[in-house]
Amino acid sequence: MAAKYIIALDQGTTSSRAVLFDEQGEIKGIAQKEFAQIFPQSGWVEHDPQEILKTQLSVLSQLINEQGISEKEIVALGITNQRETAVVWDRNTGIPVYNAIVWQDKRTAYICEELKQQGLEDYVRQNTGLVIDSYFSATKVRWILDHVAGAKEKASRGELIFGTIDTWLLWNMTAGKVHATDITNASRTMLYNIKTLQWDEKLLKALDIPSTMLPEVKPSAHTYGSTNVNGVSINICGIAGDQQAALFGQACFEPGMAKNTYGTGCFMLMNTGSTLQLSKHGLLTTIAWSLDGEVEYALEGSVFIAGAAVQWLRDGLHLIDQSKDSEYFASKALGPNEVYVVPAFAGLGAPYWDMYARGAIFGLTRDTGKDHIVKATLESLAYQTKDVLTAMEEDSGIPLKALRVDGGASANNMLMQFQADILNTPVERPIVIESTATGAAYLAGIEAGLWKKSQITNNRKIERSFTPAMPEEERAKLYNGWKKAVQRTMKWID
Ligand SMILES: Nc1ncnc2c1ncn2[C@@H]1O[C@H](COP(=O)(O)OP(=O)(O)O)[C@@H](O)[C@H]1O
Ligand SMILES: O=P(O)(O)OC[C@H](O)CO
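In every chain, residue numbers begin from 1 and rise along the written sequence. Chain letters and ligand numbers both follow the written order, the letters beginning at A and the numbers at 1. Restriction of local features to residues with pLDDT of at least 70 applies here, the model being predicted, together with a cutoff of 80 or more for giving and counting side-chain atom pairs; totals for whole chains, interfaces and linings are based on all residues. Remark: hydrogens and water are excluded; side-chain values derive from all non-hydrogen atoms of the structure.

A.B. asks: Please give an account of the site of ligand 2 that cites residues and values.
C.D. replies: The environment of ligand 2 is made up of Gly-12, Thr-13, Gln-82, Arg-83, Glu-84, Trp-103, Tyr-135, Asp-242, Gln-243, Thr-264, Gly-265 and Phe-267. Each polar contact in these results corresponds to two N or O atoms within 3.5 Å; when the atoms are within protein, one needs to be able to donate a hydrogen and the other to accept it, and residues that are neighboring in sequence are counted only if both atoms are side-chain atoms. The separation between an oxygen atom of ligand 2 and a polar side-chain atom of Thr-13 is 2.5 Å. Between Thr-264 and ligand 2, the recorded distance is 3.4 Å, taken from a backbone N or O atom to an oxygen atom. What sets the accessible areas is the Shrake-Rupley method with a 1.4 Å probe; for residues, cover comes only from the shown protein chains. Its free accessible area being 310 Å², ligand 2 has 93% of it covered by the protein chains. Under the convention adopted here, Pro, Cys and the residues Ala, Val, Leu, Ile, Met, Phe, Trp and Tyr are nonpolar, Asp, Glu, Lys and Arg are charged, and Gly plus all remaining residues are polar. Residue composition of the shell around ligand 2, by class: three nonpolar, six polar and three charged. Residue proximity to a molecule or strand is established when one non-hydrogen atom of the residue lies within 4 Å of it.

A.B. asks: Which residues make up the UniProt feature "binding site: sn-glycerol 3-phosphate" (unreviewed entry) in the chain, and what are the values?
C.D. replies: UniProt positions are given in the numbering used here, feature names are shortened, and annotations may be inferred rather than shown by experiment. Mapped onto this structure's residue numbering, the UniProt feature "binding site: sn-glycerol 3-phosphate" (unreviewed entry) falls at Thr-13, Arg-83, Glu-84, Tyr-135 and Asp-242. Examined against the element boundaries, Arg-83 turns out to sit in the loop between strand 5 (74-81) and strand 6 (87-90). Using a 1.4 Å probe on the protein chains alone, a residue whose accessible area is under 20% of its type maximum counts as buried, one over 50% counts as exposed, and one in between counts as partly exposed. For Arg-83, a relative accessible area of 2% translates into the label buried. Whether two residues are in contact is decided by their heavy atoms: any pair within 4.5 Å suffices. Sequence-distant contacts of Arg-83, defined by excluding residues within four places in its chain, comprise Trp-103, Tyr-135, Asn-185, Arg-188, Gly-241, Asp-242, Gln-243, Gln-244, Phe-267 and Glu-300. In this fold, Asp-242 is placed in helix 9 (residues 242-249). Ignoring sequence-local partners within four residues, the contact set of Asp-242 consists of Thr-80, Asn-81, Gln-82, Arg-83 and Thr-436. In DSSP terms, a helix is any run of H or I states spanning at least four residues, a strand is any run of E spanning at least two, and both are numbered starting from the N terminus.

A.B. asks: Before we move on, could you go through the pattern of salt bridges and cite the residues and values that matter?
C.D. replies: By definition, a salt bridge exists where a carboxyl oxygen of Asp or Glu is found within 4 Å of a side-chain nitrogen of Lys or Arg. Going through the model one piece at a time under the given rule, you end up with 23 salt bridges. The partner of Asp-146 in a salt bridge is Lys-152, and the shortest N-O contact between them spans 3.8 Å. The exposure class of Asp-146 is partly exposed, given its relative accessible area of 35%. Lys-152 sits in the partly exposed class, given a relative accessible area of 41%. Note that Glu-338 is salt-bridged to Lys-477, the shortest N-O span being 3.1 Å. Placement of Glu-338 in the loop between helix 11 (325-331) and strand 19 (340-342) and of Lys-477 in helix 16 (residues 472-489) is noted, with a sequence separation of 139 residues between them. The network of salt bridges with common partners includes Arg-83, Glu-84, Arg-188, Asp-242 and Glu-300.

A.B. asks: Describe the sheet that holds strand 14 (residues 232-241), listing the residues and the values that go with them.
C.D. replies: Read from one edge to the other, the open sheet built from six strands follows the order 3-2-1-5-14-13, with strand pairing classed as mixed. Edge strands, defined here as strands with exactly one partner in the open sheet, are strand 3 (27-34) and strand 13 (221-229). Geometrically, the sheet is characterised by an average inter-axis angle of 25 degrees between neighbouring strands, direction not taken into account. Both strand 5 and strand 14 contribute to a ladder of five bridges, which runs parallel. Looking at strand 14, one finds that Ile-79 is bridged to Ile-239. Only the stretch in contact is used when fitting a helix axis, every axis being a line fitted to C-alpha atoms; angles between N-to-C directions are given from 0 to 180 degrees. Sitting on the sheet, helix 1 (residues 49-67) touches strand 1 (5-11), strand 2 (15-21), strand 3, strand 5 and strand 13, and the angle it makes with strand 3 is about 145 degrees. Sheet strands in contact with helix 6 (residues 165-173) are strand 1, strand 5, strand 13 and strand 14, and its direction is about 145 degrees off that of strand 5. Two strands are said to pair when DSSP picks up at least two bridges between them.

A.B. asks: Would you mind going over the sheet that holds strand 23 (residues 462-466) in detail, with residue names and values included?
C.D. replies: As summarised here, the arrangement of the seven strands in space is 17-18-16-15-21-22-23, forming an open sheet in which the pairing is mixed. Two strands in the sheet have a free side with no partner beyond their single neighbour: strand 17 (284-291) and strand 23. Each adjacent strand pair in this sheet contributes to an overall mean axis angle of 30 degrees, direction not counted. Pairing of strand 15 (residues 258-262) with strand 21 (residues 403-406) involves three bridges; the strand directions are parallel. Within strand 21, the position partnered with Asn-260 by the bridge is Val-405.

A.B. asks: Please give an account of the site of ligand 1 that cites residues and values.
C.D. replies: Lining the immediate surroundings of ligand 1 are 16 residues, of which Thr-14, Thr-264, Gly-307, Ser-323 and Gly-408 lie closest. About the coverage of ligand 1: the protein hides 85% of its 580 Å² of free accessible area. Per-element tally for the shell around ligand 1: the top contributor is helix 10 (residues 307-316), with four residues. Class assignment for the residues of the shell around ligand 1 results in three nonpolar, 11 polar and two charged.

A.B. asks: Can you lay out the pairing of strand 6 for me, pointing to particular residues and giving the numbers?
C.D. replies: The two faces of strand 6 match: Val-87 and Trp-89 on one face and Val-88 and Asp-90 on the other face are all buried. The pairing of strand 6 with strand 8 (residues 160-163) spans four bridges and is antiparallel. Bridging across to strand 8, Asp-90 finds its partner in Leu-160.

A.B. asks: Describe the environment of Ser-220, and please don't skip the residues or the numbers.
C.D. replies: One can find Ser-220 in the loop between strand 12 (216-218) and strand 13. C-alpha separation for the pair Ser-220 and Ser-290, spaced 70 residues apart in sequence, amounts to 5.4 Å. Once you skip the residues sitting within four places of it in the chain, Ser-220 turns out to touch Asp-182, Ile-183, Thr-184, Cys-237, Gly-238, Ile-239, Trp-289, Ser-290 and Leu-443. Here the side chain of Ser-220 touches Asp-182 through a polar contact of 3.2 Å, side chain to side chain.

Structural data, given as structure tokens:
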């Protein structure tokens, strides 16, 4: 009998990955390629959409070749992606009119101020579950229409279309036949009404974005169309934003279950079931997934810079050669040196929402060395997570029993122990930290009839639990220092 595989395409902020799953839901192989981060001006972050497409398709081919499988054995593909990042392209030529404006990009802060001045803050909160921030796609689309010559006119003639990265990949992989997105990605645009489950006309009008630009919104498990892989037609059966896919992949199916993904940013999501719960403590409300005709919601704490701060140690400061070396240098930091790094390189997300905060290092003394800065940078991931978890516990009224972690930086044992210590909550790391790809594969596998949701719960195995061991007094003292440091970075630029 022929083997059956599912491949998840995981298009992240720093790399494109393809991950092969066998019929039992186990990972058999991964292919990965990094791509260029483009920083044209301070606070701007772009990607080349063609490079995204090229790296994503090339890792798919590489995976198939390296694993020696036949295209005919691939039952379905799932797509998961960095969210919010916006691409606008010409529906006739397929050519983007501008680079993809990445979720971390701050150039549209002024458009956000205009929306606030129009009194839309409460409307946005109630209807999209989001806060007005340059993080989301809406103002990025407006910026492209305003700044690319002729774009506004072409858009009003219906010639330009918009998509988040899932939509860009899907459109290209279906040879321009399918212009669609899934509901989780739609919920990150600040243009989608999560109550009515429609594009929001009031916000489209406020931003003057023609509705002809928008993709069709479909469930996360859905047969979107087929793609030609080396002459074989394969169905694309699942799409979800990467953080929602990770929530699914970590089997957080019951209300109150939460995961935290340590990638470029850090994203904690808590399942709230079919209840659309608005946060009183600076969290977002977002769609977790839509499956079998049911929409489920989540509360989310989005931290913009996490692993990216470790990349900054590597590529910006050249303090380390590889991200994983951060653990070694941090463990060498001696003494009671209490240095804090606040990596507010792209402003601050949850729960502060300050587009004007910028990064800083505090507490430097004559004996501060490289090791202390590396350690403080790692600790900043854990402190930011504590800020978010505190908000989540206040919103839900339920203390979290254990935090399920995943993503690249969750491999760092020192960070995970510090995380458990500073939260005073156990941290559980599964054997498979590729939860994002797992979630996307399962959504596709469920739609294709290969798997059931319950198999994810059964397949999930804990590799290591980190138990809190820090005395309360020390925890309180350290965290107070962090809060003080954060306050001093806020509203830094005008
Ligand atoms: N051992 C480690 N310690 C600390 N950070 C790490 C480690 N391994 C990877 N990282 C960081 O994790 C991020 C990569 O994680 P990944 O989940 O692949 O991110 P993304 O999907 O956002 O591209 C990078 O920013 C990298 O610096
Ligand atoms: O690429 P990641 O894994 O850092 O995820 C990015 C998020 O989806 C942004 O909201």
